[in-house]
Amino acid sequence: MLQTAQRGKKTSANKAAPHERFLEAFRWMLLARTLEEKLVSLYRGGQITGGVYIGKGQEAVSVACGMFLQKGDIFAPLIRDQAGRSAFGEPIVDVARTYLGSRQGPMRGRDGNIHRGKPGDDQLAMISHLGAMVSVTVGALLAKRFRGEKNFVGLSCIGEGGMQTGSFHEGMNIAAVEQVPLVIVATNNHYAYSTPNDREFACADLVDRAKGYGFEGYSIDGTDLSMCLDVIGSAVKRARAGRPPQLVVASVLRLSGHGEHDDASYVTDEMKRQPFAQDCLKLTEKKVVDLEMADAATLKSWREDAARQVDEAIATAQKEAAPDAEKEDWCAISTRELVDRPE
Amino acid sequence: MLQTAQRGKKTSANKAAPHERFLEAFRWMLLARTLEEKLVSLYRGGQITGGVYIGKGQEAVSVACGMFLQKGDIFAPLIRDQAGRSAFGEPIVDVARTYLGSRQGPMRGRDGNIHRGKPGDDQLAMISHLGAMVSVTVGALLAKRFRGEKNFVGLSCIGEGGMQTGSFHEGMNIAAVEQVPLVIVATNNHYAYSTPNDREFACADLVDRAKGYGFEGYSIDGTDLSMCLDVIGSAVKRARAGRPPQLVVASVLRLSGHGEHDDASYVTDEMKRQPFAQDCLKLTEKKVVDLEMADAATLKSWREDAARQVDEAIATAQKEAAPDAEKEDWCAISTRELVDRPE
Amino acid sequence: MSITYLEAIREAQARLLRDDERVFIYGQDVGGTFGGAFKATKGLAKEFPNRVLNTPISEDAIVGTAIGAAIKGMRPIVEMQFADFSSTALNQILNHAGTHYWRTNIPVPITIRLPSGGTKGSGPFHSQSMESIYAHYPGLIVMTPATVEDAYTMLIDAVAIDDPVVYCEHKYLYYHLKADKLPDKGLPTGRARIAREGRDLTIVTYSAMVQESLAVAGELARENLEIEVVDLRTVKPLDTDTVLASVARTGRLLCVGESFPWGGATAEVIARVTSEGFHLLDAAPVRINAKDTPIPYHPNLWSAHRPGAKMIAAKARALLKE
Amino acid sequence: MSITYLEAIREAQARLLRDDERVFIYGQDVGGTFGGAFKATKGLAKEFPNRVLNTPISEDAIVGTAIGAAIKGMRPIVEMQFADFSSTALNQILNHAGTHYWRTNIPVPITIRLPSGGTKGSGPFHSQSMESIYAHYPGLIVMTPATVEDAYTMLIDAVAIDDPVVYCEHKYLYYHLKADKLPDKGLPTGRARIAREGRDLTIVTYSAMVQESLAVAGELARENLEIEVVDLRTVKPLDTDTVLASVARTGRLLCVGESFPWGGATAEVIARVTSEGFHLLDAAPVRINAKDTPIPYHPNLWSAHRPGAKMIAAKARALLKE
Ligand SMILES: Cc1ncc(C[n+]2csc(CCOP(=O)(O)OP(=O)(O)O)c2C)c(N)n1
Ligand SMILES: Cc1ncc(C[n+]2csc(CCOP(=O)(O)OP(=O)(O)O)c2C)c(N)n1
Ligand SMILES: [Mg+2]
Ligand SMILES: [Mg+2]
């Protein structure tokens, strides 16, 4: 079932039959939530240095970003994309290693938390500066075209806050000029850190930006997993089939602080009462139960399985050595003989 | 007569009665064209250092940008806005002085050609980096609001090339967030330097961008002076009346090189045959004649008057002293006691 | 009573808002009940709801808007969420604010606050010190306060100055530094401060490295080695006279900065001292900077990347033996 | 036959496109029949229509796209229309290209060509030299070729290097410099060149100032003053060894650069020489830079703002008398 939901029209997806990959998606969401809850508790216990940024409330959108990508596709997740990262194939031990600063993690203690990726495996490693990943995704797709590859797509995530950066605009526009097979999934979680939408932008609907770039645009309810899977899945399909670049704008509420250091006391009660403020994981689970897609025992086993995976990953990372300044080569370039003043 | 011409719909303005300020506009256009032709001949004669950038073919749009602004309004012209600058009140001797590097010009030989302005008189002095003037215009408007002024507007010009900069996007968005009384007039002259539209953007119509920012948007035929006056004039009026920010997108062809060093040989014959490739000044003059708005003698006297003004301005500037390195204070800040290592 | 470096910055802004109607604060999350990622504007929006304004994530437009407002008579204070993000506003800062007075004769009185420098676990994009980039270009004043008192008075001075000021406040000092009370006035802008007197060696430094250097000076004093510590306060203008006078007394120069090693403030100080006071030096000047890699996330790496008291002490000792 | 500095850059790109399918050129106006604001890619789009691509006016996205393509195996060459406009791509250059290898272990082999430096009548925004900003941050190689031969071989080397290279080509040299033919290979990257031997004084310089310095050396030779001119070729890595060896021979150091005076390459050279070769110096080192204002439009002002042979000669003479 295809939901285009263009221009914010509400669909009745919740009453329709769920997407065929609904359960698979649910399990990734569960894993992401379990993992992030664990990270939060480690953070509270003082075992994580720096920030912890979670995707609570955004798992349905995020998982859909990761699930329809195949080998050879490019994924550029951002800070609230644990579900999508896992669905795309990031081992959760990489998450644990990065948050705990293990030398064996993909970032080797050099970078932390959500600033991770394996560009060699087509998972781009975000820099903090919002908007910057879009054009980099475009470039990766351009390279694939240059090299004669076929049938690939790229998916780049953004928040409604990041959409206001110049970098995002240029990236979106250059994607359209190059007509690369790109999907941009923008999640409007109604806040950029503490700033509500009315100080971020002034258009009626962010999906209205699509047309001005030559993108095809869709709005979705980000609490509705089926709709997320339908619309993002079909956007990926359309991009792969050679349609113009695709923009999907999802509406949710961030159900956490900006980071775990933030109590989000600025989120108003009125905001919390909005329909998009519902917890997508709870809604998804309710649907699983209501439609009898899985029984209580199965659900319980999935939960346990997620917890076990998370515990294992954390335990592994905790046992691993931290980076050692003495063993670092302190070298920002790969061409060793061109290092300026080697230490 | 009000032309909203939204979304590129063609109007039949040429058959309608001309705008009430049509003749006044024509005379500014004539002055701008005369002045710029003179600058070109000085450039060819080796009397101007650096580049010469003219607005040939864009005078109708440009003049409309300057004509509806009043004392206290902010104007941020760009490189093809001689007509608008004059209509706004820039003395043409400032142009001559800046191009010829006179010490008495507003830029005192420190900057040249179109990089001029008098911010104290609300005419902002463009920097080269395209897009950068939009947010600066927003800021000037914000200051007026802070200071309790009323009834003011700002108008910021841009080319279709400059619309693709991140800076432009951020400026446009922040204007909408702040709901300042801003009009942006974008002139799509079908080239950014040598680059045609198809390598600049990929949307069907640039005016489609308005909605995505919460601007009101209009398309106009930039060769049609009446339409330019109607639509830009009414956009200024609407902004002044407290409507959301306004975007007007005009279609023309640049009838010169990018600068006078450029022979524009990349402009295709097909492009030159497009309706928007017509010379707005010729069309305007034809209408003046056809509708018998002025007789041949009057026209001739206007022409002579323009030539005389230009000659006077150039002669004045040519007599003035060039800047003298010895007399410069070589000081980039106004607080003299804070200069780092005064010379 | 005790007041932190961060509180001093907030107090300065509160005073500025109260005393001068032209002042407004513009930046991400500075407004509302929140008051900024570091709470440097906490509570100010309550008192001045129309002059403490949240912005979109648009650094270029934030600075551009501030420039426009300054041209038309306001005194904006821009808060960057982190200094590192000013990279996307750099064009407006260098090419617009930095050139405007010189080109048009109209000054641009904006103050741009950059929460700068490394803290534990902040990583490559939330730890940078960008003073050397802003000081390299003409037209800007670059302040780097190292004490609670300076954090306060220099911010007030910054807003009073008619020219653009890049005010680099150090995040590491936010909570670490405390003072008993705030002075009404400090040293004049552009004047370096002798943070500690000594006759054996001059350490020229600024921002968080002043504290590290003072710690070293204290430590070495126990060995009867007298280190003079010069706190530059502003890296542009750079108070060459005070630096040269100190080197004239000690004959030895160690320059300490937290930013990347190539070029920058420490190189500038050494270039000035050696070209203008070559004969004053009894030994080769020495400098200490961070390493030439991005700033690491992990504390183990970060504490080796960032210059600290240990390295400063070692280099000072070695230089004293020269 | 005679070939200019500009033609050498075009020839290098033609050869790169021919020899390596991974190479493509990306930038404003580089394609079509036009071939770039300075014609550095003229004709190349005809031969390689799919690999010489015009872009929108989007410096950030241009560099971002190049980074993405490089990560996935291509070897993009980005042309900035003027170095000055790279300010709007600076974030991608410093924070993305510059940090990527260190963070992820995947190098980013992009080459960014910056048409740099002053020419008559170009003004504040079409004249800048930005090498010092790019060299300050980690992760980038910064080339500043001063001869036709180096313009050619260094560009070929730049594209071969797995790391990001900022290639600063000087617009003043485009037509002014000519050579008879192009070499197949030059000095290794990172190695400075003794552009002229001499035993009385070392001028360390790069880019267009090499030619000015050589002119001075020629002039002073007639007075039996032997100036050694060291052309840095790359300002990062900076070949300290060659510089120190020269200063060891001459005992006198004059550093000449065209960019702004605070910090930057000349300060870096002096800091290195004085801290590592203090005893080699018989006199205080001297440096010459442009003035600390934006670059003026008018030739009268520009020729006073830009360091030139006259000032270099005067400072050299004075230094020789020390
Ligand atoms: C260019 C830039 N400026 C500022 C920041 C600091 N910052 C990090 S996350 C964030 C809010 C992001 O909001 P949004 O894009 O809506 O994503 P969300 O956190 O809501 O998922 C800000 C301001 C940044 N990362 N990049
Ligand atoms: C950020 C930036 N990049 C590059 C340039 C160089 N440049 C000057 S004008 C121009 C073309 C402008 O095209 P457009 O905006 O369509 O205006 P037009 O010249 O057509 O009036 C370019 C690329 C610039 N001024 N600013
Ligand atoms: Mg958000
Ligand atoms: Mg154009």
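Presented here is a report on the structure given in the accompanying data block. (Residues numbered from 1 in each chain as written. Chains lettered and ligands numbered in written order. Predicted model: local features only at pLDDT ≥ 70, side-chain atom pairs only at ≥ 80, totals over all residues. Heavy atoms only, no water.)

## Considering the interface of chain D and chain B
Basically, it comes down to this: Should any heavy atoms of two residues lie within 4.5 Å, those residues are counted as being in contact. Accessible area that two parts lose when put together, with a 1.4 Å probe and added across both, is what the buried area reports. Strands are runs of DSSP state E lasting at least two residues, helices are runs of H or I lasting at least four, and both sets are numbered from the N terminus onward. Residue polarity follows a fixed list, in which Ala, Val, Leu, Ile, Met, Phe, Trp, Tyr, Cys and Pro are nonpolar, Asp, Glu, Lys and Arg are charged, and the others, Gly among them, are polar.
Tallying the contact residues gives 35 residues for chain D and 40 residues for chain B. Across the interface of chain D and chain B, roughly 2800 Å² is buried in total on both sides, 61% from carbon and sulfur atoms. On the chain D side of the interface with chain B, the three residues burying the most area are I57, Y297 and L301 of chain D, jointly 25% of the side's total. Elements with a minimum of two residues in the side of chain D that touches chain B: β3 (52-54) and α11 (299-305) of chain D. The element contributing the most residues to the side of chain D that touches chain B is α11 of chain D, with five residues. Looking at side-chain class alone, the side of chain D that touches chain B contains 17 nonpolar, 13 polar and five charged residues.

## Section: the site of ligand 2
Test applied: Residue proximity to a molecule or strand is established when one non-hydrogen atom of the residue lies within 4 Å of it. In protein, a polar contact means a hydrogen-donor-capable atom and an acceptor-capable atom, both N or O and within 3.5 Å, with residues adjacent in sequence counting only if both atoms are side-chain atoms; elsewhere, any N or O pair within 3.5 Å suffices. Areas reported here follow the Shrake-Rupley algorithm with a probe of radius 1.4 Å; residue values treat only the protein chains shown as occluding.
If you check the shell around ligand 2, you find 19 residues, and the closest are R80, G162, N189 and Y191 of chain B together with E59 of chain D. At ligand 2, the nearby residues belong to more than one chain, namely chains B and D. Residue S128 of chain B places a main-chain N or O atom 2.9 Å away from a nitrogen atom belonging to ligand 2. The separation between an oxygen atom of ligand 2 and a polar side-chain atom of N189 of chain B is 2.7 Å. In isolation ligand 2 offers 580 Å² of accessible surface; the protein chains occlude 94% of this area. Considered class by class, the residues forming the shell around ligand 2 number seven nonpolar, nine polar and three charged.

## Quick look at the side chain of R252 of chain D
Residues and elements named next belong to chain D. Cut-off, in case you're wondering: Exposure categories follow from relative accessible area, calculated using a 1.4 Å probe and restricted to protein chains: below 20% of the type maximum is buried, above 50% is exposed, and the middle band is partly exposed. Asp and Glu are treated as the negative residues and Lys and Arg as the positive ones, with His and the ends of the chain left uncounted. Criterion for a salt bridge: a side-chain nitrogen of Lys or Arg within 4 Å of a carboxyl oxygen of Asp or Glu.
Tracing the backbone through its elements, the reader meets R252 in the loop between α9 (240-250) and β13 (253-256). Despite its burial, R252 pairs with no opposite charge, the nearest such side chain being D282 at 4.2 Å. Those residues in contact with R252, other than ones at most four positions away along the chain, are D200, L201, T202, V247, D282, A283, L319, L320 and E322.

## Remarks on the coordination of the magnesium ion (ligand 3)
All names here are of chain A. Applicable threshold: We call an atom a donor if it is N, O or S and sits within 2.8 Å of the metal, or 3.2 Å for Na, K and Ca. Water is not counted, so some sites may look partial. Labels for metal geometry use angle windows, namely 85 to 135 degrees for all angles of a four-donor tetrahedral site, and for square planar (four donors) or octahedral (six donors) sites opposite donors over 155 degrees apart plus all others within 65 to 115; sites meeting none of these are irregular.
At this site the magnesium ion (ligand 3) is bound by E160 (OE), E160 (OE), N189 (OD1) and Y191 (O), with donor distances of 2.0 to 2.7 Å. Angles of 52 to 172 degrees at the metal separate the six donor atoms of the magnesium ion (ligand 3), which places the site in the irregular class. Donor residues for the magnesium ion (ligand 3), ordered by position in the chain, follow E-x28-N-x1-Y. Residue E160 is located in the loop between β2 (154-159) and α6 (166-178), and its partner Y191 is located in strand β4 (residues 191-192); the two are separated by 31 residues in the primary sequence. Residue classification places Y191 among the buried residues on the basis of a relative accessible area of 5%.

## Structural notes on the packing of aromatic side chains
Stated formally: Any two rings among Phe, Tyr and Trp, with Trp reduced to its six-membered ring, count as a pair given centres within 6.5 Å; such a pair is stacked if its planes are under 30 degrees apart, edge-to-face if over 60, and tilted if neither. Each ring is checked for a lysine NZ or an arginine CZ that lies within 6 Å of its centre and within 35 degrees of its normal; such an atom marks a charge sitting over the ring.
Scanning the entire structure with this criterion turns up 31 aromatic pairs over all chains. Ring geometry for Y5 of chain C and Y174 of chain C: centres 6.2 Å apart, planes at 45 degrees, overall tilted. Taken as a pair, Y5 of chain C in helix α1 (residues 5-19) and Y174 of chain C in helix α7 (residues 173-176) lie far apart in primary sequence, 169 residues in all. In this structure Y174 of chain C comes out as buried when scored by relative accessible area, which is 0%. Through pairs of rings, three or more aromatic residues link up here, namely Y5, F38, F82, F85, Y174 and Y175 of chain C. Positioned above the aromatic ring of Y213 of chain A, the side-chain terminus of R209 of chain B is 4.9 Å from the ring centre.

## Section: the coordination of the magnesium ion (ligand 4)
Protein coordination at the magnesium ion (ligand 4) comes from E160 of chain B (OE), E160 of chain B (OE), N189 of chain B (OD1) and Y191 of chain B (O), with a distance range of 2.0 to 2.7 Å. With six donor atoms in place around the magnesium ion (ligand 4) and angles of 52 to 171 degrees between them, the coordination shape is irregular.

## Concerning the sheet that holds strand β12 (residues 234-236) of chain C
Residue and element names in this part refer to chain C. Test applied: In this scheme, strands are said to pair when DSSP sees at least two bridges between them. For helices, the axis comes from a line fit to the C-alpha atoms of the stretch in contact; other axes are also lines fit to C-alpha atoms, and the angle between any two N-to-C directions lies between 0 and 180 degrees.
Spatial strand order, β3-β2-β4-β5-β7-β6-β12: seven strands in an open sheet with mixed pairing. Strands at the two margins of the open sheet, each flanked by one partner only, are β3 (52-54) and β12. Taking the axes of each pair of neighbouring strands and ignoring which way they run, one obtains an average angle of 20 degrees across the sheet.

## Structural notes on the interface of chain C and chain D
With 49 residues of chain C at the contact, the number on the chain D side is 49 residues. Both faces combined, the contact of chain C with chain D buries some 4400 Å², and carbon together with sulfur accounts for 68% of it. Joining chain C to chain D, the criterion identifies four salt bridges. Close ionic contact of E268 of chain C with R287 of chain D constitutes a salt bridge, the shortest N to O distance being 2.8 Å. Applying the counting rule to chain C against chain D returns 16 residue pairs in polar contact (both at pLDDT 80 or more). Looking at the side of chain C that touches chain D, the elements that each hand over two or more residues are α4 (90-104), α5 (131-136), β12 and α10 (265-276) of chain C. Looking at the side of chain C that touches chain D, its residues break down into 27 nonpolar, 15 polar and seven charged.

## Quick notes on the site of ligand 1
Within the structure, ligand 1 sits among 19 residues, and R80, G162, N189 and Y191 of chain A together with E59 of chain C are positioned closest to it. Proximal residues around ligand 1 fall on chains A and C, making this an inter-chain site. For ligand 1, a nitrogen atom lies 2.8 Å from a polar atom in the backbone of S128 of chain A. Between a nitrogen atom of ligand 1 and a side-chain N or O atom of Q81 of chain C, the distance comes to 3.4 Å. Relative to its free-state accessible area of 590 Å², ligand 1 is covered by the protein chains to the extent of 94%.

## Quick notes on the pattern of salt bridges
Pairing between side chains of opposite charge can happen when the charged atoms of each approach one another. Tallied over the full model, the rule gives 91 salt bridges over all chains. Put simply, E149 of chain B and K144 of chain B hold a salt bridge, and the shortest N to O gap is 2.9 Å. The partner of D184 of chain C in a salt bridge is R15 of chain C, with the nearest N and O atoms 3.7 Å apart. Taken together, the positions of D184 of chain C in the loop between β8 (178-179) and β9 (193-196) and R15 of chain C in helix α1 put the pair 169 residues apart, joining distant regions of the chain. Sharing partners across several salt bridges, the network here consists of R27, D305, R308 and E312 of chain A.

## Points about the sheet that holds β13 of chain D
All names here are of chain D. The mixed open sheet is built from five strands, whose spatial order is β9-β11-β10-β13-β14. In the strand order of this sheet, the two ends are held by β9 (193-196) and β14 (286-288), each with one partner. Looking at each pair of strands side by side, their axes are set apart by 25 degrees on average, direction ignored. Relative to strand β11 (residues 227-231), strand β10 (residues 201-205) runs parallel, the two sharing five bridges. Along β11, the bridge assignment pairs T202 with E228.

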